[in-house]
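Next come the chains, spelled out residue by residue.
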Amino acid sequence: MTATVTTSRPDHATLATLSAIERRVLWLAVRIVDFANRERPRGDGLKVGGHQASSASMVTLMTALYLADLRAEDRVSVKPHASPVLQAIEYLLGRLDRSYLTRLRDFGGLQAYPSRTKDPYPVDYSTGSVGLGSAAPLFGALADRFTQSRLGVSTGGRFISLLGDAELDEGNIWEALADPLTRRLGNVLWIVDLNRQSLDRVIPGIRAAELEAQFRANGWEVIELKYGRRLREAYAREGGEVLRRRIDEMPNEQYQSLFGASEEVVCATVADGVEGEERAVLGRLLDLYAGRVAPLVRDLGGHDLGDVLDALRRARETPDRPTVIFAYTIKGYNLEIAGRPQNHSALLDAAQIDRQRDRAGLTPETEWDGFTAGSPEAELLAQAGKRLDRGVIPPAPRIEVPRTISIRDPGETSTQAAFGRILLDLSRVDEVSERLVTVAPDVSSSTNLGGFINKTGVWGPDEEPVYDEMADSPLKWRVGPGGQHIEMGIAEMNLVLLLGQLGLSWDFQRERLFPIGTLYDPFVMRALEGIVYSTYSGSRFVLAGTPSGISLSREGGAHQSLNTPGIGIETPGLTYAEPCYARELEWLLLDGLARMQTPDGEALYLRLSTTPVDQQPFTAAAARLGEERLRADVVAGGFRLREPGVSDDRVILAACGAIVPEALAAATLLSEEEGVEAAVLCLSSPDRLYRDWQTRRAAPLSGRAPGISHLEKLVTPGGRDLPVVTVIDGASHALSFVGSALGVRSVALGVDRFGQTGSQPEVYAEYGIDAASIATAALVALEP
């Protein structure tokens, strides 16, 4: 349903005080951008940038929200282009030092867009990539409901998104709304800045009704703030219905053109096409507002403080479903560039800034001032600051994670199968078990989560019946608030955004969760932007991509991932590992759960496979090296799996994941047929090896002594000059750094073309990653 806002308004004195603060917020937001572009030394010839018009359209909404409605327990995502408004409000609240106001987009200063991890004031949600920061609080509310039902903890507040109407073009917005689990979250509020302008243009047509209908269809409460109080009063007069119809039917482009038009042009445009008696009554109405028609038609609900406050009150009274407020606004409100086409990144010139300062009642000497102590504005800000103060919140407790669980290796298994068994074993570990939560986009059974789900159940807000025909199913789908698996629809972006919010429980709810998500590895690329958003926000989680590579030979190129190892290595805040053996995977996972609790903890990406692998070589390595030494090597990034025999011709084969058995077979082939001996390195985490090598080699750049990397330590003193062949079931460049790190001749093998359907031996041979191809590459590397 759509709620129409009533006119229950705050008292005049409160509105007057808020209005005065609103004017100051507008000035500061505009001046923050202006100073960064016109007055501060740049250090280069590049444009600094900023968005004065986009900030102006949000000033009324954010003033009302932050200073009269928001509570300390609420969490807010602010649209990226309104960051100067947020910065101005934080300054007036006393939570941002004045010195930062002149440091927008400056190194060490205010970030271009709100950042949880880089800004000098409290930010709940990072924004910048439009659509993601808007949808994240929806999944934050879902994560909050999960922690409340599972651990008895909650923020106790709402999850609020302030977003621009152009963000509703992003597909991930509608994927988020469509998931059934998000439809009953009464602690969610979205406020849409409906200014009808995007970066390049005035948005054609009138889409608001269509957008509102889509929210209603997904179970949301819809509140519309279209007309301000003065315009509604005009509609109530004789001729008001004609005026309303003309404004409603006017295309956005025509309506926007009125913002800078003269009184005469506005009156003529409003009356255009109206005939007969209707034209006469409209004329009499316009005469009543002579000299005031232009500001009258610009009187929109999103700039009426009283109406905005009432809409916020109405939203709080809707506890059973999310609420969206469509607030009609003007891009560039109360600026000389209001509503102008191409005003998205336009900047006021010096003369316009001077006039804007005069309208704010300030001088060059007082332009950065707050309000005088004891004034109504200062008192209201002090009250708001006290209401928003979260105090000192103790950190989330650290949960002890065992270093190992298994005492022996299985005979033969795949890493995907081992993953399912490890999760089931973890569900029996005290402290850890109650904090595990798995998430999958309709691929639970095919990514081996069945055992965990059967033991812990599926999470839902209510108990759901189990029907007789489900009793014989191997997957026991028992849904209730005590479950620990969250099943999503087939939308990978939803998966990683929810994982990201569950992975922030250490901050939002101050309780530890261990969120673990699974998806088919090729679709890591579909989810990539959400992964980056989550890690940029400081989230910690585990993502298992399985199955992966052309080892999934019968599925063909559409389901065979190639690029994901590079994504894992190159994404900040994410540690990539690709184990081959079951206990290798176990140690990496347990280590990842422990490390993610440290101040500099990261998310963990595991690239797994359905290829069964004989575990005996790992057992032999454990016997040779000792379990403690082997475990230390594994979590550092790699270990020596096979030692070479005695020969004048020796080579190093370095591999990871499902392709390791091919490297072992190649070593045997070289020894038996060519008399060449090969050491085989199993690279458990190419990412950790690369970072460790890079950090140690770059140490002299920061005045520190260089060290020896773990990768270099894996090569014995007598093998430092041996050539190396790297092989991976993915793009060859992912391991190509190994040769450089060791300073030797190298050949990098991998899959650099789209895969195809076939048996695994056929496909491996076609793409040059089978044992014979590896052996051939070794002989090439040995050539003088």
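Visitor: Before we go on, may I ask you to explain the overall build of the chain in this structure?
Guide: A tally of regular secondary structure across the chain gives 31 helices and 21 strands. Rg of the C-alpha trace for the chain: 31 Å, near the compact-globule value of 28 Å for 784 residues, within the 12% margin. Dimensions along the principal axes, computed over C-alpha positions, put the chain at roughly 105 × 70 × 50 Å. Of all 784 residues assigned to the chain, the portion counted as buried reaches 59%. Relative to all contacts within the chain whose residues are 6 or more apart in sequence, the contacts with residues 24 or more apart total 78%. When the accessible surface of the chain is split by element, carbon and sulfur atoms take 51% of a total near 30,100 Å². The average position of the 82 basic charges and that of the 105 acidic charges among the side chains of the chain differ by 5 Å.

Visitor: Hey, could you run me through the layout of surface pockets in this one?
Guide: Leftover empty space is mapped by rolling, across the atoms, a probe with the size of a water molecule. Considered as a void within the structure, the largest pocket measures approximately 660 Å³ in volume. Those elements that provide at least two residues to the lining of the largest pocket are α1 (12-38), α8 (229-235) and α14 (305-316). Sorting elements by how many residues they give to the lining of the largest pocket places α1 first, with four residues. Looking at the lining of the largest pocket residue by residue, the classes come out as nine nonpolar, six polar and ten charged. Put simply, the second largest pocket is a space of about 320 Å³. Around the second largest pocket sit 18 residues that line it, and P180, L181, G460, P461 and E464 are the ones nearest its centre. Among the elements of the structure, α5 (132-151), β9 (458-459) and β11 (485-488) are those that each provide at least two residues to the lining of the second largest pocket. For the lining of the second largest pocket, the residue count by class is ten nonpolar, two polar and six charged.

Visitor: Honestly, the pairing of strand β19 (residues 677-682) in this entry has me stumped. Any pointers?
Guide: Across a regular strand the side chains alternate sides, sitting on one face of the sheet and then on the other. Judged by how many residues are buried, β19 sits mostly within the fold: six of six residues are covered. Taking every second residue as pointing to the same face, both faces of β19 are buried, with E677, A679 and L681 on one and A678, V680 and C682 on the other. Where strand β17 (residues 639-642) meets β19, three bridges bridge the pair, whose relative direction is antiparallel. The residue of β19 that forms the bridge with F639 is C682. Here six bridges tie strand β18 (residues 650-655) to β19, and the two strands are oriented parallel to one another. Paired with A654 across the two strands is L681, which belongs to β19. For the crossover from β18 across helix α26 (residues 660-674) to β19, the handedness is right-handed.

Visitor: Would you mind showing me how to read helix α4 (residues 83-92) here?
Guide: Taking burial as the measure, the ten residues of α4 include ten buried ones, the bulk of the element. Along α4, the residues that are buried comprise S83, P84, V85, L86, Q87, A88, I89, E90, Y91 and L92. In this structure, the buried side of α4 is in contact with α1, α2 (52-56), α3 (59-69), β2 (75-78) and α16 (376-388). G94 lies just past α4 and shows a positive phi near 85 degrees.

Visitor: Help me out: how do you make sense of the packing of α1 against α4 in this one?
Guide: Any two packed helices are characterised by how steeply their axes cross, that is the angle between the axes, and by the distance between the axes. Closest axis-to-axis distance for the α1/α4 pair is 8 Å, and the angle between their directions is 120 degrees. One finds that α1 runs oblique with respect to α4. With respect to the hand of their crossing, α1 and α4 are arranged in right-handed fashion. Contacts between α1 and α4 involve I21, R24, V25, L28, A29, I32 and V33 on the former and, on the latter, P84, V85, Q87, A88, I89, Y91 and L92. Among the residues forming the contact of α1 with α4, the class breakdown is twelve nonpolar, one polar and one charged.

Visitor: When you look at the pattern of salt bridges in this model, what are you seeing that I'm missing?
Guide: Pairing of side chains with opposite charge becomes possible as their charged atoms draw close. Evaluated as defined, the whole model comprises 55 salt bridges. Across the salt bridge formed by R284 and E277, the nearest N and O atoms sit 3.7 Å from each other. What makes R284 partly exposed here is its relative accessible area of 40%. Using a relative accessible area of 55% as the deciding quantity, one classes E277 as exposed. Between D692 and R696 there is a salt bridge, and its shortest N-O distance comes to 2.7 Å. Here R696 and D692 lie together in helix α27 (residues 686-697), a separation of four residues that amounts to about one turn. Several salt bridges share partner residues, and in doing so they unite R31, D34, R38, E39, D354, R357 and E367 into one network.

Visitor: Just checking my understanding: could you explain the nonpolar core for this structure?
Guide: Nonpolar side chains tend toward joint burial in soluble globular proteins. W190, F215 and L243 are the most contacted members of the largest nonpolar core, which has 107 residues in total. Element by element, the count of residues in this core is highest for α5, at nine residues. Non-local contacts of W190, meaning those with residues more than four positions away in its chain, are made with S134, A135, L138, S161, L163, I173, L177, F215, W220, T323, V324 and I325. One finds L426, I516, L630 and V634 within the second-largest nonpolar core, a separate group that totals 76 residues.

Visitor: Explain the packing of aromatic side chains here, please?
Guide: To describe a pair of aromatic rings, one takes the distance between the centres and the angle between the planes. Applying the stated criterion across every chain yields a total of 18 aromatic pairs. For the pair Y125 and F508, a centre-to-centre distance of 5.5 Å together with 65 degrees between the ring planes defines the contact as edge-to-face. Placement of Y125 in the loop between α4 and α5 and of F508 in helix α20 (residues 505-508) is noted, with a sequence separation of 383 residues between them. Each member of the pair, Y125 as well as F508, carries the same accessibility label: buried. A ring pair is formed by Y520 and F523, whose centres lie 6.3 Å apart and whose planes are at 35 degrees; its orientation type is tilted. Three or more aromatic residues joined by ring pairs make a cluster, and in this case those are W174, W190, F215, W220 and F326. The ring centre of F371 lies 4.3 Å from the NZ or CZ of R24, which sits over that ring. Above the plane of the ring of Y113 lies R105, whose end atom (NZ or CZ) is 5.5 Å from the centre.

Visitor: What am I meant to see in the pairing of strand β21 (residues 746-749) here?
Guide: Bridge analysis of strand β20 (residues 724-727) against β21 gives four bridges, and the strand direction is parallel. Each bridged residue has a counterpart across the sheet, and for T726 the counterpart in β21 is A748. Between the parallel elements β20 and β21, the chain passes through helix α29 (residues 737-742) in a crossover that is right-handed.

Visitor: What should I look at first to understand the sheet that holds β18 in this one?
Guide: Backbone-to-backbone hydrogen bonds join strands into a sheet, with any given pair of strands oriented parallel or antiparallel. The five strands lie next to each other as β17-β19-β18-β20-β21, forming an open sheet whose pairing is mixed. Either end of the sheet is taken by a strand with one partner, and the two such strands are β17 and β21. Put simply, the sheet's adjacent strands are angled 25 degrees from each other on average, direction ignored. Alignment of β18 against β20, held across four bridges, turns out to be parallel.

Visitor: So what exactly am I meant to see when it comes to the environment of P397 here?
Guide: Tracing the backbone through its elements, the reader meets P397 in the loop between α16 and β7 (412-413). Judged by relative accessible area, which is 38%, P397 ranks as partly exposed. For the pair P397 and R512, spaced 115 residues apart in sequence, the C-alpha to C-alpha distance is 7.0 Å. Setting aside residues no more than four positions away along its own chain, P397 makes contact with R510, E511, R512 and Q597.

The rules behind these values
Residues numbered from 1 in each chain as written. Predicted model: local features only at pLDDT ≥ 70, side-chain atom pairs only at ≥ 80, totals over all residues. Heavy atoms only, no water. Helix = DSSP H or I, 4+ residues; strand = E, 2+ residues; numbered from the N terminus. Rg over C-alpha atoms; globule rule 2.2 N^0.38 Å. Buried < 20%, exposed > 50% of the residue type's maximum accessible area, 1.4 Å probe, protein only. Contact = heavy atoms within 4.5 Å. Areas by Shrake-Rupley, 256 points an atom, 1.4 Å probe, with all protein chains shown as cover. Lys, Arg positive; Asp, Glu negative; His and termini not counted. Charge placed at Lys NZ, Arg CZ, Asp CG, Glu CD. 1 Å grid on protein atoms, 1.4 Å probe; cavity = no way out; pocket = protein on both sides within 12 Å on 5 of 7 lines; lining within 4 Å. Points joined across faces, edges and corners; volume = space filled by probe spheres on them. Nonpolar A, V, L, I, M, F, W, Y, C, P; charged D, E, K, R; others polar. Pairing = 2+ DSSP bridges. Right-handed = clockwise from strand over helix to strand, strands pointing away. Axes fitted to C-alpha atoms, helices over the stretch in contact; angles between N-to-C directions. Parallel < 35°, antiparallel > 145°, perpendicular 65-115°, else oblique. Left-handed = near helix turned anticlockwise from the far one by under 90°. Salt bridge = Lys/Arg side-chain N within 4 Å of Asp/Glu carboxyl O. Core = buried A, V, L, I, M, F, W, Y, C linked by side-chain atoms within 4.5 Å. Phe/Tyr/Trp six-rings, centres within 6.5 Å; stacked < 30°, edge-to-face > 60°. Lys NZ or Arg CZ within 6 Å of the ring centre and 35° of its normal.

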